[in-house]
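Here's the letter readout for the chains.
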Amino acid sequence: MTEILLDKFLDVFNKNILPLTLKGVDSGNKIFGAAIIKKDDYSLVVAGSNNETENPLWHGETHTLKKFYEIDNETRPKEKNCIFLSSHEPCSLCLSAITFSGFDNFYYLFPYESTSEEFSIPHDLNILKEVFNINDGNYNKNNSYWKSYNIHSLINKLEDSKKNKLTESFNNIKKKYFDLSNKYQASKEKNSIPLK
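Residues numbered from 1 in each chain as written. Predicted model: local features only at pLDDT ≥ 70, side-chain atom pairs only at ≥ 80, totals over all residues. Heavy atoms only, no water.

S.K.: Talk me through the packing of aromatic side chains; I want residue IDs and the actual numbers.
M.R.: Following the criterion strictly, the structure yields 13 aromatic pairs and no others. Measuring from ring centre to ring centre gives 5.4 Å for Phe-84 and Phe-103, while their planes differ by 75°; the resulting arrangement is edge-to-face. Here Phe-103 lies in the loop between α3 (92-101) and β4 (105-110) and Phe-84 lies in strand β3 (residues 82-88), a separation of 19 residues in the sequence. We classify Phe-84 as buried; its relative accessible area is 0%. Given the relative accessible area of 1%, Phe-103 is considered buried. The interplanar angle of 75° and the centroid separation of 6.1 Å between the aromatic rings of Tyr-139 and Trp-146 together place this pair among those described as edge-to-face. Counting every residue linked through ring pairs, the aromatic cluster contains Phe-106, Tyr-108, Tyr-112, Tyr-139 and Trp-146. Residue placement shows Arg-76 over the ring face of Phe-68; its charged tip is 5.6 Å from the ring centre. (Phe/Tyr/Trp six-rings, centres within 6.5 Å; stacked < 30°, edge-to-face > 60°. Helix = DSSP H or I, 4+ residues; strand = E, 2+ residues; numbered from the N terminus. Buried < 20%, exposed > 50% of the residue type's maximum accessible area, 1.4 Å probe, protein only. Lys NZ or Arg CZ within 6 Å of the ring centre and 35° of its normal.)

What follows is the structure in structure tokens.
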């Protein structure tokens, strides 16, 4: 994984996903967001954010997929030619949606443990355990459908001279997500989302 691609990922979070997430949280939605970029030139195809106040199925990833499929078929890139970015490790609903859509990859900023412990949204791990009998989120992260990658782990594998700037950018993004999470947690009882 090159630092150029990782830098592009973080840039998409800052410029495209986080502004949508801020608007979503202001409307009572959770902090999850996603984007789809082209593999060949890393250009943005579409970005989205959680919209569960409209429909409880519109998680950050599924709502982004909805927007992706609203692009005309003649101009929309093929799924195998795209990279799927997610702010948080996708829940079982979003894992299935990514799989059924035909993407062969996804990259995420924050793992399930962060979603549950740091962002106080435990549903992903709870559903995997209660419905699928998968403990600690240990699903098969590399399988015949796709490969998944934790962006922060990829940054940490770089040599120090390359990872310092990316680590600083990641930490700034994480702080923004913490701020949005606090805002969501403070107001979530007012929204109509079934699983707050």
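S.K.: Give me the pairing of β4: which residues, what numbers.
M.R.: Looking down a regular strand, the side chains alternate between one sheet face and the other. For β4, the buried fraction is high: 6 of the 6 residues fall into the buried class. Relative to β4, β3 runs parallel, the two sharing 3 bridges. When the sheet's bridge partners are listed, His-88 is paired in β4 with Phe-110. Two elements, β4 and strand β5 (residues 147-150), share 4 bridges in a ladder whose sense is parallel. When the sheet's bridge partners are listed, Tyr-108 is paired in β5 with Asn-150. (Pairing = 2+ DSSP bridges.)

S.K.: Break down the packing of helix α1 (residues 3-26) against helix α7 (residues 160-187) for me, with residues and values.
M.R.: Running from N to C, α1 and α7 point in directions that differ by 15°, and their axes come no closer than 11 Å. Between α1 and α7, the angle is such that the two are roughly parallel. Crossing handedness for the pair α1 and α7: left-handed. Of α7, the residues touching α1 (which contributes Glu-3, Leu-6, Asp-7, Leu-10, Phe-13, Asn-14, Ile-17, Leu-18, Thr-21, Leu-22, Val-25 and Asp-26) are Lys-162, Lys-165, Leu-166, Ser-169, Phe-170, Ile-173, Lys-176, Tyr-177, Leu-180, Lys-183 and Tyr-184. (Axes fitted to C-alpha atoms, helices over the stretch in contact; angles between N-to-C directions. Parallel < 35°, antiparallel > 145°, perpendicular 65-115°, else oblique. Left-handed = near helix turned anticlockwise from the far one by under 90°. Contact = heavy atoms within 4.5 Å.)

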